[in-house]
Amino acid sequence: METKKVAIVGYNRTPFARINTAYADQDNQELLEAALHGLIRKCHLEGKLLGEVAGGAVIKHISESNLIREAVMNTPLDPATPACDLQQACDTGIEAAVYISNKIALGQIECGIACGVEAMSNIPFESAPRLRKALLKANKEKSVFGKIKQLLMPKLKDWMPVPYKGQEPKTGLVMGGHTEITAKYYEISREEQDQLALKSHQNMAKAYDEGFFDDMITPAFGLEKDNNLRRDTSLEKLSHLKPAFDKEHGTLTAGNSTPFTDGASAVLLASEEWAKANHLPVLAYITFSEVAGIEYVESQQNLLLAPVFAADRMLRKADMNLEDFDYYEIHEAFAAQVLATLKIWENDELAKKFGLEKALGKIDRDKLNVKGGSLAAAHPFAATGGRIIATMAKLLHEKGTGKGFISICAARGQGVTMIIEK
């Protein structure tokens with residue numbers, strides 16, 4: 001069966017905001033609708049019936065079980081446009097693009113939107129099991145006395161809400177705790193991490209000054225630019241920050257780690273025929289992608305290193321080498337995670353420990369995250385994939401030709417890599 005080429009024809013996102021700042025009062029649906037409305041206006045999609053809209057949020061309220069469809073229904077798209085929710089931690093946005101791409105390639109649909117959103121400022125709290133059971137039983141009681149009796153069963157501490165901690169259930173460690181182990185195991189220094197973080201902020205500041213983001217971001221709820229960007233940061237300032245996870249011997253800080261973030265992104269994908277019929281430019285093509293998992297319970301240093309496997313498999317299928325790309329976009333969840341991944345890809349001994357035949361090659365650092373990465377833009381979990389795909393597509397479109405390599409790691413020991421070409 002002959003497959004169709006999958007084109008990236010449009011993109012849009014909200015500015016990203018650190019938790020409890022500009023979007024403190026917005027929920028997932030409001031942020032997602034803002035990103036979708038901007039994309040619809042830019043690409044003149046008002047009233048159009050699309051093949052599908054797919055995306056998700058990592059942290060959702062129970063009322064948001066059909067988040068994407070509900071958001072679509074509040075946009076100018078034809079209300080008959082179907083939608084579905086996906087979730088794969090920080091890979092959610094890029095996996096949504098893989099999902100839509102596969103349907104286009106197979107001819108099942110001609111176009112679709114891949115999207116993602118995170119409203120960390122409004123994440124739901126858990127309740128204690130005893131309180132939850134008491135509330136359910138009280139709801140079933142018919143008499144006021146019966147309801148009161150059930151509500152008196154929980155202890156006082158049970159009434160305290162349980163905040164989101166972001167722990168890995170199988171290890172009890174948060175992502176930063178795992179990455180501290182990664183940094184120590186792979187001998188990633190504090191200075192290396194801070195240098196990568198500084199470069200991320202410098203590159204993004206320069207990109208803003210050049211107007212690179214002017215057609216990529218729609219102002220939302222009073223915010224016009226990503227508010228995590230630190231133009232005035234320096235190695236000296238970064239070096240004075242205290243460790244965030246291992247207080248005594250750690251190297252991960254608030255400066256070389258991404259904060260909890262609010263924001264949304266959306267990418268329009270289509271067949272060449274649909275793009276031409278709708279007078280939209282082919283910015284670039286998604287040509288290969290790969291998803292991988294990794295064991296991280298016994299080898300706790302490897303939580304965010306699944307892209308090691310995904311990249312190896314993908315490059316084999318594409319018959320390419322790691323050096324064959326004009327640009328590299330690697331998600332900067334933590335500077336240490338990026339540096340550890342690069343170290344494994346570039347080192348024969350480490351690569352073989354992962355079961356690879358040899359090192360994948362060396363990445364030219366001047367081609368890495370050239371418009372800034374997640375350390376500067378910040379990281380609304382499900383929205384990061386859309387931001388990265390859009391950035392790569394625009395880079396290649398402006399260059400007029402070339403190849404781009406994308407890598408995104410995720411919680412639960414998973415990762416996705418993608419090749420975009422022009």
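Shown above is the structure to which this text applies.
Because the structure is a prediction, the values reported are computed rather than measured.

1. Digging into the side chain of Glu329
Tracing the backbone through its elements, the reader meets Glu329 in strand 8 (residues 327-330). Aside from chain neighbours lying at most four places away, what touches Glu329 is Asn369, Val370, Gly372, Ile388, Thr391, Met392, Leu395, Phe405, Ile406 and Ser407.

2. Quick notes on the nonpolar core
The biggest cluster of nonpolar side chains holds 59 residues, and the ones touching the most others in it are Tyr186, Leu305, Leu322, Trp345, Phe354 and Phe405. Among the secondary structure elements, those contributing two or more residues to this core are helix 6 (175-185), helix 7 (190-210), helix 10 (307-318), strand 8, helix 11 (335-346), helix 12 (348-353) and strand 9 (403-410). Looking at which element gives the most residues to this core, the answer is helix 11, with eight residues. Other than its neighbours up to four places away in sequence, Leu305 contacts Tyr186, Ile294, Gln337, Ala340, Thr341, Ile344 and Phe354. Listed in part, the 46 residues of the second largest apolar core include Cys84, Tyr208, Tyr327 and Ala377.

3. A few points about the pattern of salt bridges
Tallied over the full model, the rule gives 18 salt bridges. The salt bridge involving Lys4 is made with Glu110; its shortest N-O contact spans 2.4 Å. Placement of the pair is Lys4 in the segment before strand 1 (6-13) and Glu110 in the loop between helix 3 (92-105) and strand 5 (111-119), with a sequence separation of 106 residues. Between Arg316 and Asp312 there is a salt bridge, with the nearest N and O atoms lying 3.3 Å from each other. Taken together, the residues Arg316 and Asp312, both in helix 10 and four residues apart, mark about one turn of the helix. Members of the salt-bridge network, linked through shared partners, are Glu180, Lys184 and Asp246.

4. Section: unusual backbone geometry
Positive phi outside glycine occurs at Asp319, with the angle close to 55°. In this structure, Asp319 sits in the loop between helix 10 and strand 8. Phi is positive for Ala378, close to 80°, though the residue is something other than glycine. With respect to the helices, strands and loops of the structure, Ala378 is situated in the loop between helix 13 (374-377) and helix 14 (384-399). A residue is classified by how much of its surface remains accessible, and Ala378, at 1% relative accessible area, is buried.

5. A word on the packing of aromatic side chains
For any two aromatic rings, the description comes down to two numbers: the centre-to-centre distance and the angle of the planes. A full pass over the atoms with the stated rule returns twelve aromatic pairs. Here the aromatic rings of Tyr164 and Phe260 are separated by 6.0 Å at their centres, their planes lie at 50°, and the arrangement is tilted. In this pair, Tyr164 is assigned in the loop between helix 5 (144-151) and helix 6 and Phe260 in the loop between helix 8 (235-239) and strand 6 (261-270), connecting sequence segments 96 residues apart. Exposure remark for Phe260: the relative accessible area of 35% places this residue in the partly exposed category. Here the aromatic rings of Tyr208 and Phe213 are separated by 4.8 Å at their centres, their planes lie at 50°, and the arrangement is tilted. The same class applies to Tyr208 and to Phe213, which are both buried. Through successive ring pairs, a cluster of aromatic residues spans Phe325, Tyr328, Trp345 and Phe405. A cation over an aromatic ring shows up here: Lys5 above the ring of Tyr285, its NZ or CZ 4.0 Å from the ring centre.

6. Brief notes about a positive patch on the surface
The grouping of Arg132, Lys133, Lys137 and Lys140 at the surface amounts to a positive patch. Judged by relative accessible area, Lys133 falls into the exposed class, the value being 54%.

7. What about the environment of Val282?
Looking at where Val282 falls in the secondary structure, it is placed in the loop between helix 9 (272-277) and strand 7 (284-293). Residue contacts for Val282: discarding those within four places in its chain leaves Ala7, Ile8, Val9, Ala275, His397 and Lys422.

8. Section: the environment of Ser189
Along the chain, Ser189 falls in the loop between helix 6 and helix 7. The exposure class assigned to Ser189 is partly exposed, which follows from its relative accessible area of 30%. Sequence separation between Ser189 and Arg132 is 57 residues, and the spatial gap between their C-alpha atoms is 45 Å.

9. Some details on helix 14
A rise of 1.5 Å per residue sets the reference length of helix 14, with its 16 residues, at 22 Å; its end C-alpha atoms lie 23 Å apart and thus fit the reference within 8%. Most of helix 14 is tucked away: 13 of the 16 residues are buried.

10. Things to note about the pairing of strand 3 (residues 52-56)
Most of strand 3 sits inside the fold, with five of its five residues counted as buried. Here strand 3 shows no split at all, with Glu52, Ala54 and Gly56 on one side and Val53 and Gly55 on the other all buried. Here five bridges tie strand 3 to strand 5, and the two strands are oriented parallel to one another. Bridging across to strand 5, Ala54 finds its partner in Ala114. With three bridges connecting them, strand 3 and strand 4 (residues 83-85) associate as parallel partners. Directly across from Val53, in strand 4, lies its bridge partner Ala83. Read as a crossover between parallel neighbours, the route from strand 3 over helix 2 (residues 67-73) to strand 4 is right-handed.

11. With respect to the state of the cysteines
One pass over the full model with this rule turns up zero disulfides. Cys84 forms no disulfide, and the closest cysteine sulfur to it belongs to Cys115, at a distance of 9.0 Å. Overall, the relative accessible area of 18% leaves Cys84 in the buried class.

12. Overview of the packing of helix 4 (residues 129-140) against helix 5
Running from amino to carboxyl end, helix 4 crosses helix 5 at an angle of 175°, the nearest separation of the two axes being 8 Å. Classified by the angle between their axes, helix 4 and helix 5 sit roughly antiparallel to one another. On helix 5, the residues that touch Ala134, Leu135, Lys137, Ala138 and Asn139 of helix 4 are Lys147, Gln150 and Leu151. Taken together, the residues that form the contact of helix 4 with helix 5 break down as four nonpolar, two polar and two charged.

About the cut-offs
Residues numbered from 1 in each chain as written. Predicted model: local features only at pLDDT ≥ 70, side-chain atom pairs only at ≥ 80, totals over all residues. Heavy atoms only, no water. Helix = DSSP H or I, 4+ residues; strand = E, 2+ residues; numbered from the N terminus. Contact = heavy atoms within 4.5 Å. Core = buried A, V, L, I, M, F, W, Y, C linked by side-chain atoms within 4.5 Å. Buried < 20%, exposed > 50% of the residue type's maximum accessible area, 1.4 Å probe, protein only. Salt bridge = Lys/Arg side-chain N within 4 Å of Asp/Glu carboxyl O. Phe/Tyr/Trp six-rings, centres within 6.5 Å; stacked < 30°, edge-to-face > 60°. Lys NZ or Arg CZ within 6 Å of the ring centre and 35° of its normal. Patch = residues over 30% accessible without salt bridge, like charges linked within 9 Å, V, L, I, M, F, W, Y side chains within 5 Å. Areas by Shrake-Rupley, 256 points an atom, 1.4 Å probe, with all protein chains shown as cover. Lys, Arg positive; Asp, Glu negative; His and termini not counted. Charge placed at Lys NZ, Arg CZ, Asp CG, Glu CD. Expected span 1.5 Å × (residues − 1). Pairing = 2+ DSSP bridges. Right-handed = clockwise from strand over helix to strand, strands pointing away. Disulfide = S-S within 2.5 Å. Axes fitted to C-alpha atoms, helices over the stretch in contact; angles between N-to-C directions. Parallel < 35°, antiparallel > 145°, perpendicular 65-115°, else oblique. Nonpolar A, V, L, I, M, F, W, Y, C, P; charged D, E, K, R; others polar.

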